Each structure stands twice: as C-alpha cells, then as structure tokens.
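Fold and contact review
The chain contents come next:
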There are 2 protein chains.
Amino acid sequence: MKVYLAGPEVFLPDAKATGHRKKEICARFGLIGLFPLDNEISGTMGERGASVSRWIFRGNTAMMEDADAVIAHLTPFRGPSADPGTVYELGFMAARGKICAGYSNRRCSYIDRIARAASVTPDNGGRTDLDREGHVIENFGLPDNLMIIHALEEFGHPIIVPEAAPADIWRDLTLFEKCAEWITRQGSRAVTANAASR
Amino acid sequence: MKVYLAGPEVFLPDAKATGHRKKEICARFGLIGLFPLDNEISGTMGERGASVSRWIFRGNTAMMEDADAVIAHLTPFRGPSADPGTVYELGFMAARGKICAGYSNRRCSYIDRIARAASVTPDNGGRTDLDREGHVIENFGLPDNLMIIHALEEFGHPIIVPEAAPADIWRDLTLFEKCAEWITRQGSRAVTANAASR
C-alpha cells in the first residue's frame, strides 16, 4: 500500500531528513511512503513555463491520486489550527475515498489555543464565546476544526494525540508510527476480504 | 446549479444574516446557495446519540455532495491562512470534480502575513526565510498556501482578491458576487455543451 505523507515537515530546514525517517517507518510496516519533496529530488520541471509552485501542486496531487491512504500530521502550525496545505490534502483524500489517518503532537483543545491567541475582552460585550475579532469560538472540546476531526473519524481512524507533548513536536514520529501500524492492519483486512470473496 | 457556500461566516455572531445575503446573491444569478447553518434551521438531530459536531460534519458533507460548485471565502482567519474548515471543504470539492471558486478580502501575500505574525530574528542563525519556530516560509508571492491557490486555478477560477481591502472584510460580498457570476457562466457553457452534443 502507498501512503501519502502530508504534513508541515516540508517546511522544516531538515525536511528531507524527516521525510526519510517517515519513509523508513512506512517500509518497516510494509508500506510505501510518498513524501511531497521526493518530487523535487527525482522530478523535472515538466510543463515548460509552469511556475515552481504549480509544479509542486501537480506533483503532490499526482502523489495523492497514486496513494491508497494518507497520514496527516496535524500539529497546529502558525496559528491555532493545522497546516492548511495538509488540511486541503486531507479533504482531497477523504473525498477520493482513501484511508485517512492523522495525528497531532499537541494535546490541548482548539478552544484552549484560541483563548491563548486572542484573549476574551469586555470589548466583546461581555460574551465569552467570541475571539478578538468578534468570531464565535466553536466549543466542542475537539483538538481542531470539526471538519478535520470528524473527517478522520468517518473516513479512517480518529486523530491520535499524545499523553503529553513530545520534546520536539515537529520531528517526533511516535504517533506517526501508530498511524502507519493502523493503516497496515487495514491493508491486511482488505487483502483478507479480497481473498475470502474469491 | 447548487453552490456550497464555504467560509468562516458561520463563526460570525450574525452568521445566518450573512448566509442569507449570500443566498440572495446566488438566487439573483439563478444559483441555489447551500449554507452550512441551514442544516441547523431545518434539520433534526438525525442519528440518535451522534454528537452535535459530528451531525454538523455530516450535514456539511451531504450539502457538498449535493452541490455542483463551491465558493470558498478564504480571507485569512485566526492566523496567516484561511479558515481550516473552508480549506478542508475546498480539498473535498476539488477531489469530487466540482467547480471551485474562491475569494479573499485581503490583498497581501502569505509571506507578508507571516513576517508580521512571527518576526524574523537573529536566533534563526541569520536566515531570513524562517519563521519564529524555525520553519521555512514558502515564498511564491501567493495569497495563501500553494495547495489552496493552485487548486482554485486547476479546478475552477483563480482566487479573486480586492484592489484594496473592504471596510468589513468578514461581511463584504463584492468578490463573492464575482464568483457567483463566474459560476453562472460555467453553468451556461455546460448547458450549451450538453445541447450541442444531443
């Protein structure tokens, strides 16, 4: 089974090293990890005149179409929510019926992070469910926006969060490994089901 | 044609009023606007014991499946990027082959917003392409993450941004109207193509 490795590690200065570690974990479980930056290693610019960013988009899209599953790294990135590129990819994979798994290396709920990011003030007319901009904060006790959290539940495995945040939230792959292990079990079941139906 | 109205206005204290205005604009162009909170107005809790957030997720997913197109409101929300719920939905609609349009009421590029949100310091070892957390800032001159921007280009119409930000970035529907107008023209073309192929 091929697994698309979605996550903000593409933005790490040592992105390729982290991608390599993810692919090694996948290989240990009999999975083939597809890491976005592999397109840069082996690819050519393709269509003449296409911008670099469009070429990356097309490479990622082709990888997603090729994959059977996605493991989305959803640790909040540059704000209270997950990396938007990863979130887009989760939506894409969910809609294509791929197996969806994901993890976050932070434990706290979305509403806790917003309260920290934008304190509730009396300017809000005394309402305590509004953020600094006057937007209602969804309060479902979930780790992120409900579309992300329930997509994982409905199209794969519920989001996995740590007992306590690891020392390096961007590079710790303990929960990534749990996702890979779970996906492998889905693959085995699919193979068994296919064999039984013959 | 039915159009799914994705955007952070569901978090406005006057969410339903803004949704109503969007639906009126759609109706003027002969489109049927599907607004997420309509599920709350007319729906029942459905499956017994399902949590409210899961019920909202399923309602939104059913609306997306019913729609022919999406207009995604992508004004940066609680950080440098668009609302993650909206981004998830854009990915979902793109993967289902629906017509995708979207707008942002801010003009500046993604990299400009990150520089403001997390200043570049000498702690980054003098690198100027890293944010406060040490992540590389993608510098393609785009208004948001490249997956979002190119998805609109590839699966519909490029993102529409204003000449200057309107007074009320959360409620101004000038660019929403442009998206609705463009979608209507796609519908007309589709009808013409169908007629020609008969």
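Residues numbered from 1 in each chain as written. Chains lettered and ligands numbered in written order. Predicted model: local features only at pLDDT ≥ 70, side-chain atom pairs only at ≥ 80, totals over all residues. Heavy atoms only, no water.

**Examining the packing of aromatic side chains**
To describe a pair of aromatic rings, one takes the distance between the centres and the angle between the planes. Selection rule: Aromatic rings from Phe, Tyr and Trp, taking only the six-membered ring of Trp, are treated as a pair when their centres fall within 6.5 Å; an angle between ring planes under 30 degrees marks them as stacked, one over 60 as edge-to-face, and anything in between as tilted. Per the convention used, a helix needs a DSSP run of H or I reaching at least four residues, while a strand needs a run of E reaching at least two, with both numbered from the N terminus. Accessibility here uses a 1.4 Å probe with only protein chains present; expressed as a share of the type maximum, an area under 20% marks a residue as buried, one over 50% as exposed, and anything in between as partly exposed.
Using the criterion set out here, one finds 12 aromatic pairs over all chains in the structure. Measuring from ring centre to ring centre gives 6.5 Å for A:Phe92 and B:Phe155, while their planes differ by 40 degrees; the resulting arrangement is tilted. Placement of A:Phe92 in helix H4 (residues 84–95) and of B:Phe155 in helix H6 (residues 146–155) is noted, with the two residues assigned to different chains. Taking the relative accessible area as the measure of exposure, A:Phe92 reaches 0% and is therefore buried. Residue B:Phe155 is classed as partly exposed on the basis of its relative accessible area of 24%.

**Some thoughts on the packing of helix H6 (residues 146–155) of chain A against helix H3 (residues 52–66) of chain B**
Rules: Here the axes come from fitting lines to C-alpha atoms, over the contacting stretch only for helices, and the angles between their N-to-C directions go from 0 to 180 degrees. Our angle categories are set so that under 35 degrees counts as roughly parallel, over 145 as roughly antiparallel, 65 to 115 as roughly perpendicular, and the remainder as oblique. In what follows, a contact means two residues having at least one pair of non-hydrogen atoms within 4.5 Å. Classification convention: Asp, Glu, Lys, Arg as charged; Ala, Val, Leu, Ile, Met, Phe, Trp, Tyr, Cys, Pro as nonpolar; all other residues, Gly among them, as polar.
The geometry of H6(A) relative to H3(B) is characterised by a closest axis approach of 9 Å and an angle of 85 degrees between their N-to-C directions. As the angle between them shows, H6(A) and H3(B) are arranged roughly perpendicular. For the pair H6(A) and H3(B), contact is made by A:Leu146, A:Met147, A:His150, A:Ala151, A:Glu153, A:Glu154 and A:Phe155 and by B:Ser53, B:Arg54, B:Ile56, B:Phe57, B:Arg58, B:Asn60, B:Thr61 and B:Met64, respectively. Counted by class, the contact of H6(A) with H3(B) contains 7 nonpolar, 4 polar and 4 charged residues.

**Section: the pattern of salt bridges**
Let me state the cut-off plainly: Salt bridge, as used here, is a side-chain nitrogen of Lys or Arg placed within 4 Å of a carboxyl oxygen of Asp or Glu.
By the definition in use, this model includes 22 salt bridges over all chains. Residues B:Glu153 and A:Arg54 are paired through a salt bridge, measuring 2.9 Å at the closest nitrogen-oxygen approach. Taken together, the residues span two chains, with B:Glu153 in helix H6 and A:Arg54 in helix H3 (residues 52–66). Under the relative-accessibility criterion, B:Glu153 is labelled partly exposed at 27%. When the shortest N-O distance is used, the salt bridge between A:Arg185 and A:Glu181 registers 3.7 Å. Of this pair, A:Arg185 and A:Glu181 are both found in helix H7 (residues 174–196), 4 residues apart, which corresponds to roughly one turn of the helix.

**Observations regarding the packing of H6(A) against helix H4 (residues 84–95) of chain B**
For any two helices packed against each other, the geometry is given by the interaxial angle and the distance between the axes. In contact at an axis separation of 9 Å, H6(A) and H4(B) are set at 45 degrees when each is read in the N-to-C sense. When the axes of H6(A) and H4(B) are compared, the pair comes out oblique. Where H6(A) approaches H4(B), its residues A:Met147, A:Ile148, A:Ala151 and A:Phe155 are matched on the opposing element by B:Pro84, B:Gly85, B:Tyr88, B:Glu89 and B:Phe92. The residue inventory of the contact of H6(A) with H4(B), partitioned by class, reads 7 nonpolar, 1 polar and 1 charged.

**A few points about the environment of B:Gly30**
All names here are of chain B. Here glycine 30 is to be found in the loop between helix H1 (15–28) and strand E2 (32–34). In this structure glycine 30 comes out as exposed when scored by relative accessible area, which is 55%. Sequence separation between glycine 30 and threonine 184 is 154 residues; the distance between their C-alpha atoms is 7.3 Å.

Worth remembering: the numbers are spatial, not functional.
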